[in-house]
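# Structural description and commentary
Read off the chains here:
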Amino acid sequence: MNLPAASVVTDPSSAAQIVLNTIRRPVIMIDAEGLISYANADAEDFFRSSAAMLARNTLARFVPFGSPILTLVEQVRERGAPVNEYRVDISSPRLGVERIVDLYVAPVPELPGSVVVMFQERSMADKIDRQMTHRGAARSVTGLAAMLAHEIKNPLSGIRGAAQLLETVVPDEDRALTRLITDETDRIVSLVDRMEVFSDERPIERYPVNIHIVLDHVKAIAKNGFASRIKILEDYDPSLPSVFANRDQLIQVFLNLVKNAAEAAGNQPTSEISLSTAFRPGIRVSAPGSQDRVSLPLEFCVHDNGPGVSEDILPILFDPFITTKPNGSGLGLALVAKIVGEHGGIIECESTSRGTTFRILMPAWKEMSAPHEDDSQGDRR
């Protein structure tokens, strides 16, 4: 069978158009009159306007009044040299709220007065930066846990034994003090035991897991215990592929998140927790220790309609010993971040006064992801 020869684009302008539309970043060109003379496909989506509509307007029409991007364009035009600017806020009713971008602005020597602007939205970059911080925090607890287990638990055993011996010889009015020593020693040992899980560096046994079976199991535990009076909603994508993970550790992650959501929502008549799953292609991150980039197309969310997390706590929410609970240890979310990170995933928290959402992005199961399938865990759709 004769196959048609591959087509070759000989028109340079057509080739440039194809290349620019392939770039997954909004790119525009502003002419000497300030009009947007070119916009690639991503720029049309970004500005929510067609290229024809953009071409009839200046950039000032689409960005907030006095935006730094306008000053940057003028600087590049005057200096004739490119400029990078990071974390520029261009939020507006037209573009949407919380639109933070990095900018690359460069002159076009072949077209005097024209300037090219490329936008890089910060949402994904910030998400990955936060995840690296979470992993670093978990690693710091790993070393601390190993040290505590060796340097603290052994002396505590001696203190507890001495307190028990004292209890047999001290007067009755002093026995409450020896019991206090024993109880507080047991409490410290329990805390150290909880931290020791961070020092477990054994490889995770992973296999294809049906996330909906995991979430159903967590929901059953919640409805029969701490969330018995809270409405739990489900918004699942039934066609979702299996996640490449460890089932028991996923249960630990979502049980912790759902418990936090239940405590945040409270026992009000309107309290709700929402569990959702979705397929979000296009998100790829660098795998630790290699040059490979891993796709994270599976999105799992736990949302509550509580009062939200305060802004001062939100950036450090996954750090060890950070808690808003009176009797909390601050290790639950640190452990969640550790488990998600060890699976190659990303976890983030978004919170407003109307509620909090924990979003987890995870890799999907592929035939070559692991040496074997576990028939009891896999999704057989």
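For the structure, see preceding data.
First, a word on what this report is: a plain description of the structure on this page. Values in this document were obtained by computation on a predicted structure and should not be read as measured data. (Residues numbered from 1 in each chain as written. Predicted model: local features only at pLDDT ≥ 70, side-chain atom pairs only at ≥ 80, totals over all residues. Heavy atoms only, no water.)

This part is about the overall build of the protein chain. Scanning the protein chain from N- to C-terminus turns up ten helices and 14 strands. As displayed, the protein chain offers around 21200 Å² of accessible surface, 55% of which is attributable to carbon and sulfur atoms. (Helix = DSSP H or I, 4+ residues; strand = E, 2+ residues; numbered from the N terminus. Areas by Shrake-Rupley, 256 points an atom, 1.4 Å probe, with all protein chains shown as cover.)

The next thing to look at is the sheet that holds strand S4 (residues 100–107). Pairing between sheet strands relies on hydrogen bonds along the backbone, with the strands arranged either parallel or antiparallel. The strand order S2-S1-S5-S4-S3 describes an open sheet built from five strands, whose pairing is antiparallel. Each end of this open sheet is capped by a strand with a single partner; those strands are strand S2 (36–39) and strand S3 (83–89). When the angles between neighbouring strand axes are averaged without regard to direction, this sheet yields 25°. As judged from the four bridges shared by strand S1 (residues 27–30) and strand S5 (residues 115–121), these two strands associate in the antiparallel manner. Paired with Val-27 across the two strands is Met-118, which belongs to S5. In the packing of helix H4 (residues 68–79) onto the sheet, the strands contacted are S1, S3, S4 and S5, and the crossing angle to S4 comes to about 20°. (Pairing = 2+ DSSP bridges. Axes fitted to C-alpha atoms, helices over the stretch in contact; angles between N-to-C directions. Contact = heavy atoms within 4.5 Å.)

For any pair of aromatic rings, geometry is given as the distance between the ring centres together with the angle between the planes. Taken as a whole, this structure holds six aromatic pairs when the rule is applied. Both rings, one in Phe-46 and one in Phe-47, keep their centres 5.1 Å apart while their planes meet at 80°; by these two values the pair is edge-to-face. Both residues of the pair, Phe-46 and Phe-47, count as buried. Summarising the aromatic geometry, the rings of Phe-254 and Phe-300 are spaced 6.2 Å apart at their centres and angled 65° between planes, so their arrangement reads as edge-to-face. Taken together, the positions of Phe-254 in helix H9 (residues 247–265) and Phe-300 in strand S12 (residues 298–304) put the pair 46 residues apart, joining distant regions of the chain. Among the aromatic residues, those joined into a cluster by ring pairs are Phe-46, Phe-47, Phe-62 and Phe-119. (Phe/Tyr/Trp six-rings, centres within 6.5 Å; stacked < 30°, edge-to-face > 60°. Buried < 20%, exposed > 50% of the residue type's maximum accessible area, 1.4 Å probe, protein only.)

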